[in-house]
Amino acid sequence: MPTFVLDGHELEFEPGDTIIQAAHRAGIDIPHYCWHPGLSAPANCRMCLVELVPPAGRSPLLLDVLRWDPDRQQYVPEKKPKLVPACQQPLAPGMEVRSQSSEHVRRARAAVQELLLVNHPVDCPICDQAGECRLQDYWLEYQGTLKRMRDEIVHKPKAVPFGPTIVYDAERCIVCTRCIRVSDELAKDPILSLRERGNLTEVVLSPDRRLDHPYSLMTEYVCPVGALTAVDFRFKARVWFLRSVRTICPGCATGCNAFLDYDPRTQRVFRHRPRQNLRVNRYWMCDEGMLSYRRVHSGRVLEARVGGKATTLDRALGAAAARLGGSDQARLAVILSPQHSNEDNQALFALARGALGAGQLFMGGRGPGEGDEILRHTDKNPNTAGVMGLFGDGHPEPITGFVPAVDARRITRALVLGSEVPNLELAAALGQLETLVVLGTHQGSLVERASVVLPVSTWAESEGTFVNAQGLAQKSERAIRPIEPSLPARQMVDALRGALDHATTARSAGAGP
Ligand code: SF4
Ligand code: SF4
Ligand code: FES
């Protein structure tokens, strides 16, 4: 592989790399605002300027500039090397680049920072970006001087709703154009652009449009400052109180890699955001997946029920065991869930094939939805491939056969994992059964129709493996503790197995000699 030298260190690069790409891959940060590894490079912020050392025998390209001399109280002429943006400069073998080691670069970065902050409001105490804002980080690292401008800043529109998910603050905007390029290049919906010039420049929407494409939250995600904020997250939490785990988005079969941010003190989740995986989602997520975290807390089933009435978990387990055990197991169906992890489904699969001896096994989950060529899959379940894998060379009964089987009384009882089934017809058929036991996370038509409900935890409350549409098995970590009295489905299945054993023992003891 060819090499170049950055601040005295020899680094490898791939042909076609720019300086910032090669440095980024080596884990070295060259400060940047407008550059993003997943977008084109307009080189408009000038924060990434670096100095190129000319090859031996060649003189550097020098510019005539004026420098303010505080001792003489006047400008003095001097020469400085022409700096280049690292985000646009392609590398050549043997090239020598100075970043942190160049006094000219250090001064240029401080000047860019100062220019960006000339009209910037001092909003940090109320800004959602505080704590993860590049203006704050780079001020500390590359500027560190107090503001010299004493005039009133240029005022621009604040709190402009761009659409249902995003609010824009033009005063905080540093005009890096990342949000514009996300809409153009990722979402293929070029509805954002710039208007005016100089310090009056601001981002605007196309006439008669709202920022409502399925990747609108990615504009906020790439904004390096607090100019774009998400309606969902605004003013809800300070980021330094949050912790992150690595999760897999449960929104569809793409299985985007994500971080789930939660507050360990209150055990609440606040945010879902992309985690880079070049094989799966690159740098992105869709809005639906970003907002999927809200279901961890909303609409949850947080009580055990028998016959629609709340009861203790032990009583519900006892009732479930009494209704699911017995001798007529050929007419007992078990429905696995591609909404749940491999571990949850494996536990239920083993119970169905073992202690329960269920006659028929199906796969439920959500019905299909809208997809696109970018990330969104029409299969709205994160683990269809994982559930199918449990059957080895076989496969579950086709779910289309469930309703006719209920009508023909070939199925009279069912144990279902998950709160969703693909269609209303199936939910109605489940409601006609003599016994319907649901291992459910959320309220809904299935839970309402159940004879016994056992509350189970969501993906955020237990770790698990999900296999995406490409066949990649990916681990998702646990963020918060299971919300009581719910248990991860695999533990609930174990508890149900215990209750079944107990019921079997009681039945044999009752039969007597
Ligand atoms: S809103 Fe943010 S991402 Fe868009 S141009 Fe302004 S600073 Fe850049
Ligand atoms: S594309 Fe699918 S997996 Fe990715 S964020 Fe959207 S819903 Fe989640
Ligand atoms: S990162 Fe903005 S000019 Fe290079």
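The structure displayed is predicted, hence computed values, not measured ones.

Engineer: Can you walk me through helix α7 (residues 313-324) in this structure?
Structural biologist: Owing to its 3.6 residues per turn, the α-helix brings residues three or four apart onto one side. When the terminal C-alpha atoms of α7 are compared, their 16 Å separation across twelve residues agrees well with the 16 Å that a helix rising 1.5 Å per residue should span. Those residues of α7 not exposed but buried are Ala316, Leu317, Ala319, Ala320, Ala321 and Leu324. Backbone geometry just after α7 places Gly326 at a positive phi near 110°.

Engineer: Help me understand the environment of Ala43 in this model?
Structural biologist: Inspection of the secondary structure puts Ala43 in the loop between α1 (19-25) and β3 (49-53). Taking the relative accessible area as the measure of exposure, Ala43 reaches 7% and is therefore buried. Put simply, Ala43 and Asp71 are 28 residues apart on the chain and 35 Å apart in space, counted from C-alpha to C-alpha. With sequence-adjacent residues up to four places away left out, Ala43 is seen in contact with Cys34, Pro85, Cys87 and Gln88.

Engineer: Explanation requested: the packing of aromatic side chains in the structure shown.
Structural biologist: Aromatic ring pairs are described here by two measures, namely the spacing of the ring centres and the angle between the planes. Evaluation of the coordinates by the stated rule reveals nine aromatic pairs. Relative to Tyr142, the ring of Tyr138 lies with its centre 5.7 Å away and its plane at 70°, an arrangement referred to as edge-to-face. With Tyr138 and Tyr142 both in helix α3 (residues 134-143) and four residues apart, the pair spans about one turn of that helix. A relative accessible area of 4% means that Tyr138 is categorised as buried. Aromatic rings pair up to connect Tyr33, Tyr138 and Tyr142 into one cluster. The ring centre of Phe233 lies 4.7 Å from the NZ or CZ of Arg271, which sits over that ring.

Engineer: Where do I start with the sheet that holds strand β7 (residues 96-98) in this structure?
Structural biologist: Backbone-to-backbone hydrogen bonds pair the strands of a sheet. The strands run either parallel or antiparallel. Here we have five strands laid out as an open sheet, ordered β2-β1-β7-β3-β6, and mixed in their pairing. A single partner strand is all that each edge strand has here, and the edge strands are β2 (9-12) and β6 (84-85). Pairing geometry for β3 and β7, over three bridges, is antiparallel. Note on β7: the bridge partner recorded for Glu51 is Arg98. Relative to β3, helix α2 (residues 103-118) is tilted by about 165°, and along the sheet it contacts β3 and β7.

Engineer: Just to check I follow, could you spell out the packing of α2 against α3 for this structure?
Structural biologist: Any two packed helices are characterised by the angle at which their axes cross and by the distance between the axes. Put simply, α2 and α3 touch, their axes get as near as 9 Å, and they point 140° apart. Of the possible angle classes, the one that applies to α2 and α3 is oblique. Crossing angle aside, the handedness with which α2 passes α3 is left-handed. Along the contact surface, α2 presents Arg106, Arg109, Ala110, Gln113, Glu114, Leu116 and Leu117, while α3 presents Leu135, Tyr138, Trp139, Tyr142 and Gln143. When grouped by side-chain class, the residues that make up the contact of α2 with α3 number seven nonpolar, two polar and three charged.

Engineer: When you look at the site of ligand 1 in this model, what are you seeing that I'm missing?
Structural biologist: Around ligand 1, the structure places 13 residues, and the nearest of them are Cys173, Cys176, Thr177, Cys179 and Cys223. Among the residues making up the shell around ligand 1, the classes are represented as eleven nonpolar, one polar and one charged.

Engineer: Help me out: how do you make sense of the pattern of salt bridges in this one?
Structural biologist: Pairing of side chains with opposite charge becomes possible as their charged atoms draw close. Inspection of every chain in the model, using the stated rule, returns 33 salt bridges. Notably, a salt bridge pairs Arg331 with Asp328, separated by 3.1 Å at the nearest N-O pair. Residue Glu434 is joined to Arg409 by a salt bridge in which the shortest nitrogen-to-oxygen separation is 2.7 Å. Placement of Glu434 in the loop between α11 (424-431) and β21 (435-440) and of Arg409 in the loop between α10 (402-407) and β20 (413-417) is noted, with a sequence separation of 25 residues between them. Three or more residues are tied together by salt bridges with common partners; here these are Asp123, Lys158, Asp169, Glu171 and Arg172.

Engineer: When you look at the pairing of strand β18 (residues 332-336) in this model, what are you seeing that I'm missing?
Structural biologist: Moving residue by residue along a regular strand, the side chains alternate between the two faces of the sheet. The buried count for β18 comes to five of five residues, which makes it a mostly enclosed element. Residues of β18 alternate between two faces, with Leu332, Val334 and Leu336 on one and Ala333 and Ile335 on the opposite face, all of them buried. Looking at chain direction, β18 and β20 are connected through four bridges and run parallel. In the sheet register, Val334 faces β20, and the bridge partner there is Leu415. Sheet topology note: the β18/strand β19 (residues 360-363) ladder contains four bridges and is parallel. Its bridge partner being in β19, Leu336 is matched across the sheet by Met363. In the classification by handedness, the crossover that spans β18, the intervening helix α8 (residues 342-353) and the parallel β19 is right-handed.

Engineer: How should I be thinking about α11 in this particular structure?
Structural biologist: The complete set of buried residues in α11 reads Leu426, Ala427, Ala429 and Leu430. Down the axis of α11, the buried set is contained in an arc of 160°. They therefore lie on one face. Along α11, the residues that are exposed and aim more than 90 degrees away from the buried face are Leu424 and Glu425. The N-cap of α11, judged by a side-chain oxygen 3.3 Å from the amide nitrogen of Glu425 a few residues on, is Asn423.

Engineer: When you look at unusual backbone geometry in this model, what are you seeing that I'm missing?
Structural biologist: Outside of glycine, negative phi angles account for most residues, and trans bonds account for most peptide bonds. Along the chain, Glu484 connects to Pro485 via a cis peptide bond; the corresponding omega equals 0°. By secondary structure assignment, the location of Pro485 is in the loop between β24 (473-476) and α13 (489-511). The backbone of Val175 shows a phi angle near 55°, a positive value even though the residue is not glycine. Along the chain, Val175 falls in the loop between β9 (166-168) and α4 (178-186). Take Val175: its relative accessible area is 23%, and that puts it in the partly exposed class.

Engineer: What's the story with the environment of Gln21 in this structure? I'm lost.
Structural biologist: Among the structural elements, Gln21 can be located in helix α1. Taking the C-alpha atoms as reference points, Gln21 and Pro37, 16 residues apart in sequence, are found 7.4 Å from one another. The contact partners of Gln21, leaving out residues within four places of it in the chain, are Gly16 and Trp35.

Rules used in this analysis
Sequence order as written defines residue numbering, which begins from 1 separately in each chain. Chain letters and ligand numbers both follow the written order, the letters beginning at A and the numbers at 1. For a predicted model such as this one, the threshold for reporting local features is a pLDDT of at least 70, and the threshold for listing and counting side-chain atom pairs is 80 or more; totals across whole chains, interfaces and linings nevertheless cover every residue. Water and hydrogen atoms play no part in the side-chain values, which are based on all heavy atoms of the structure. The helix count covers DSSP runs of H or I at least four residues long, the strand count covers runs of E at least two residues long, and both are numbered beginning at the N terminus. By this rule the span expected of a helix is its residue count minus one, scaled by 1.5 Å. Relative accessibility decides the category of a residue: with a 1.4 Å probe and only protein chains considered, values under 20% of the type maximum give buried, values over 50% give exposed, and everything between is partly exposed. Should any heavy atoms of two residues lie within 4.5 Å, those residues are counted as being in contact. Note on aromatic pairs: the rings of Phe, Tyr and Trp (six-membered ring only in Trp) are paired at centre separations within 6.5 Å, and the planes decide the class, stacked below 30 degrees, edge-to-face beyond 60, tilted for the rest. We call a charge positioned over a ring when the NZ of a Lys or the CZ of an Arg lies within 6 Å of the ring centre and within 35 degrees of the ring normal. Following DSSP output, two strands are said to pair if at least two bridges run between them. Note on method: axes are straight lines fitted to C-alpha atoms, helices fitted across the in-contact stretch only, with angles between N-to-C directions ranging 0 to 180 degrees. For classification purposes, an angle smaller than 35 degrees is called roughly parallel, one larger than 145 roughly antiparallel, one from 65 to 115 roughly perpendicular, and anything else oblique. Each crossing gets its handedness from the near helix: less than a right angle anticlockwise from the far helix is left-handed, clockwise is right-handed. Side-chain classes are defined by residue name, with Ala, Val, Leu, Ile, Met, Phe, Trp, Tyr, Cys and Pro counting as nonpolar, Asp, Glu, Lys and Arg as charged, and the others, Gly among them, as polar. By convention in this text, a residue qualifies as near a molecule or strand provided that one of its non-hydrogen atoms is within 4 Å of it. Put simply, a salt bridge is a Lys or Arg side-chain nitrogen that is within 4 Å of an Asp or Glu carboxyl oxygen. Seen with its strands pointing away from the viewer, a crossover is right-handed when the path leading from the first strand over the helix to the second is clockwise. Think of it as the arc spanned by the lines of direction from the helix axis to the C-beta atoms. A 3.5 Å cut-off defines polar contacts: any pair of N or O atoms within that distance qualifies, except that in protein one atom must be a possible hydrogen donor and the other a possible acceptor, and neighbouring residues in sequence count only when both atoms are side-chain atoms.

By themselves, these are just geometric observations and shouldn't be taken as functional.
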